Amino acid sequence: MGIVDRFLDYVSWDTQSDDMTNMTPSTPGQMDFAIHLKEIMVDMKLCDVSLDDNGYLMATLPGNIENRNVPTVGFIAHVDTSPDMSGKHVHPRIVENYDGGEIMLNQKLDMVLSPKDFPELEHYKGQDLIVTDGTTLLGADDKAGIAEIITAIAYLQEHPEIKHGDIRVAFTPDEEIGLGAHKFDVTRFGADFAYTMDGGEIGELEYENFNAAIARVTFKGRNVHPGYAKHKMLNSMRVANQFIIMLPRWETPEHTEGYEGFYHLTSITGSVEETVLTYIIRDHDRDRFERRKKELEHLARKINNEFPGCASIDIKDQYYNMREKVEPVMYIVDIAKEAMIAADVTPKVVPIRGGTDGAQLSFKGLPCPNIFAGGLNFHGKYEFLPIPSMEKAAQVIVEIARITAEKSLN
C-alpha cells in the first residue's frame, strides 16, 4: 500500500477529540483507530507492539547494525483530529496537476478553495493535492504524519542496505486538546530523542512553540421578569461581553504572527443566569505568558468590583515552550536539517504558532523537535495536502534514521 492509500484509509476513521469528557482517549473513535493501526504494525512484523488502556500505541523497528552506540530515535504522530471541525464522514478528493486556479470543493454549498483567500496554493501549482468536500476537515493533522511514519518504516524494511539503529514509533491520543503527552510513558518508549511529524507545509522544522493555557471565565447573573427588572436583573451575557471588550483588540490570532502572542476566545455559552467564556492563551515568551494569565485574573477582579461575586476564573497550563529543552541537544535539529537537504527539501526553521506532543515530551525528558507533515489550513474545511509534500516527509524520516546511524558509526 502506498502513502496516499494509507492516508485515505486513515482519514476515514472518525477520531475527533473532545475536551469535555475527562477521559483518555477522550473519544472512542481514537481507540478504534489505534486498534486498526496496531493490527497494521503487527502485520508489518514490528517488534514490541503495544497499545495501552489510554490509547498510546508504540512499536519498534529493530536496528540492522550491531553497534550499541547508535541512539534509538523515535517518530511520533497523533491519532485525533481537532474538535474545531467535524472529522466524521471525511470525503477527500485528489485534484491532479493543480492548475493554480480556484478549486470547487462543494458545488451545492458553493464552497471554493481559492488562491485569492489562500495564496499559499500558488506554491503547489502542477502538484496533486488532496482536498475536502467542503463539509469536514481533511485530517492531515495528523494522519498525514501517521501515513508518513508507517510508509518510512515499510521502506526501511524493504531496503536493508540502509543502515539504522532501533527506531521507536508512537501514536498518541488527544494532542488537539493539549493532552497528547500527559500519560505518555517516556521510559517505556525508550528513545534517546524523537521527532513529531506534526508540522505544516514542506520544509518546516520547529523547536520553539507557544507556552499555552486554557481559561474558563464564568459569569453568574440574576434573572428577573424583564418588565420589572430595573435595578434587579443582572444579565450575565452582557457582563461577559463587557469582559470581552476589556481585552486588547489587536492581541488576537487574526492580528498576530511570528512570535506575537494572543488571547483567543474559542467559545461562548450563555443565558441571563450564567455565561461561560473559554479562552486559550498563547505566547512564546514565558514572562509575557505569565503576564497574560495575570491580566485575565485582573479583569475578572475588575468585573467583581462592579458586580460583586459575578465572575470566577479557572486557568490551567497546557504546555510550555520546548526551546529550553532542545537547545542543549541542538545536534538533533542539525540531523533533521541534514536529512531535509538530503531529501532535496529546503529547511525552514520557524517557531510553532501552536503546540505539539513534542513540547510536553521535551519537558518529560524526551527532546522532540517538530517536522513538517505537509498539510495546510488545518482544522477547517479548506484544509489541503500536497501529495509530494507527504512523500518528502516520509523520505526525511528515512534520512534521519540513516544519518543518525552514520554519524554514530564514524
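Calculation criteria
- Residues numbered from 1 in each chain as written.
- Predicted model: local features only at pLDDT ≥ 70, side-chain atom pairs only at ≥ 80, totals over all residues.
- Heavy atoms only, no water.
- Pairing = 2+ DSSP bridges.
- Helix = DSSP H or I, 4+ residues; strand = E, 2+ residues; numbered from the N terminus.
- Axes fitted to C-alpha atoms, helices over the stretch in contact; angles between N-to-C directions.
- Contact = heavy atoms within 4.5 Å.
- Salt bridge = Lys/Arg side-chain N within 4 Å of Asp/Glu carboxyl O.
- Buried < 20%, exposed > 50% of the residue type's maximum accessible area, 1.4 Å probe, protein only.
- Expected span 1.5 Å × (residues − 1).
- Arc of directions from axis to C-beta.
- Phe/Tyr/Trp six-rings, centres within 6.5 Å; stacked < 30°, edge-to-face > 60°.
- Lys NZ or Arg CZ within 6 Å of the ring centre and 35° of its normal.
- Core = buried A, V, L, I, M, F, W, Y, C linked by side-chain atoms within 4.5 Å.
- Polar contact = N/O pair within 3.5 Å; in protein donor to acceptor, adjacent residues only side chain to side chain.

**Overview of the sheet that holds strand 13 (residues 274-283)**
- As summarised here, the arrangement of the 4 strands in space is 12-13-11-14, forming an open sheet in which the pairing is antiparallel. The open sheet has two edge strands with one neighbour each: strand 12 (262-270) and strand 14 (311-319). The average angle at which neighbouring strand axes cross in this sheet is 15 degrees, direction not considered.
- Bridge count for strand 11 (residues 211-220) against strand 14 is 8 bridges, and the pairing is antiparallel. Across the sheet, Ala213 pairs through a bridge with Asp317, a residue of strand 14.
- Of the strands in this sheet, strand 11, strand 12 and strand 13 touch helix 5 (residues 236-246), which is tilted by about 20 degrees from strand 13.
- Contacting strand 11, strand 12, strand 13 and strand 14, helix 6 (residues 286-306) runs over the sheet at an angle of about 165 degrees to strand 14.

**Considering the pattern of salt bridges**
- Here the structure, examined in full by the defined rule, presents 14 salt bridges.
- Across the salt bridge formed by Glu327 and Arg323, the nearest N and O atoms sit 2.6 Å from each other.
- Residue class for Arg323 comes out partly exposed when judged on its relative accessible area of 32%.
- A network of salt bridges, in which partner residues are shared, links Glu251, Asp283, Arg288 and Arg292.

**Things to note about helix 8 (residues 331-342)**
- Here helix 8 is 12 residues long and its end C-alpha atoms lie 16 Å apart, about the 16 Å a rise of 1.5 Å per residue gives.
- Every buried residue of helix 8 is listed here: Ile332, Val333, Ile335, Ala336, Ala339 and Met340. For helix 8, the arc enclosing every buried residue in end-on projection is 155 degrees, short of the 170-degree limit, so these residues lie on one face.
- Looking at the buried side of helix 8, the elements it contacts are strand 9 (193-199), strand 10 (204-206), helix 7 (323-326), strand 16 (370-372) and helix 10 (387-409).
- Directly beyond the C-terminal end of helix 8, a positive phi value near 65 degrees is found at Asp344.

**Here's the deal with the packing of aromatic side chains**
- Using the criterion set out here, one finds 14 aromatic pairs in the structure.
- Arranged with centres 6.5 Å apart and planes meeting at 85 degrees, the rings of Phe289 and Tyr320 form a pair that is edge-to-face. With a gap of 31 residues between them, Phe289 in helix 6 and Tyr320 in the loop between strand 14 and helix 7 connect regions that are remote in the sequence.
- Judged by its relative accessible area of 23%, Tyr320 falls in the partly exposed class.
- The residue whose ring lies beneath Arg286 is Tyr320, and the NZ or CZ to ring-centre distance is 3.9 Å.
- When the ring centre of Tyr263 is taken as origin, the NZ or CZ atom of Arg292, which lies over that ring, is 4.9 Å away.

**As for the pairing of strand 9**
- Burial analysis of strand 9 places 7 of its 7 residues in the buried class, which makes it a mostly covered element.
- Examined bridge by bridge, strand 9 and strand 16 share 3 bridges and lie parallel to one another. Following the sheet pairing, Gly199 is matched in strand 16 by Phe372.

**Details of the nonpolar core**
- Core analysis: the largest hydrophobic core is formed by 72 residues, its most contacted members being Phe7, Phe171, Tyr195, Ile371 and Ile400.
- Look past the residues within four positions of Tyr195 in its chain and what remains in contact with it is Val73, Gly74, Phe75, Ile76, Ile332, Ile335, Ala336, Cys368, Pro369, Ile371 and Ile400.
- Of all hydrophobic cores here, the second largest spans 20 residues; its members include Ala213, Leu234, Phe243 and Leu277.

**With respect to helix 2 (residues 28-43)**
- Relative to the 22 Å expected for 16 residues at 1.5 Å per residue, helix 2 spans 23 Å between its end C-alpha atoms, a close match to the ideal helical length.
- Looking at the buried residues of helix 2, the elements they touch are helix 1 (3-10), strand 1 (47-51), strand 2 (57-61), helix 3 (140-158) and strand 8 (167-172).
- With its phi angle positive at about 65 degrees, Lys45 sits one or two positions after the end of helix 2.

**Section: the side chain of Ser389**
- As for its position among the elements, Ser389 is in helix 10.
- Residues in contact with Ser389, not counting those within four places in the same chain, are Tyr124, Ile202, Phe372 and Gly374.

**A look at the sheet that holds strand 4 (residues 93-95)**
- With antiparallel pairing, the 3 strands of this open sheet are ordered in space as 4-7-17. Edge positions in the open sheet fall to strand 4 and strand 17 (384-386), since each of these has one partner strand only. Across the sheet, the axes of successive neighbouring strands diverge by a mean angle of 25 degrees, strand direction being ignored.
- Relative to strand 17, strand 7 (residues 129-131) runs antiparallel, the two sharing 3 bridges. Bridge pairing in strand 17 places Ile130 opposite Leu385.

**A few points about the side chain of His284**
- Mapped onto the fold, His284 is located in the loop between strand 13 and helix 6.
- The class of His284 is buried, set by a relative accessible area of 6%.
- A polar contact of 2.9 Å, which involves the side chain of His284, links it to the backbone oxygen of Ile352.
- Those residues in contact with His284 that sit more than four places away from it in its chain are Glu208, Asn209, Phe210, Asn211, Gly258, Tyr259, Asn321, Pro351, Ile352 and Arg353.

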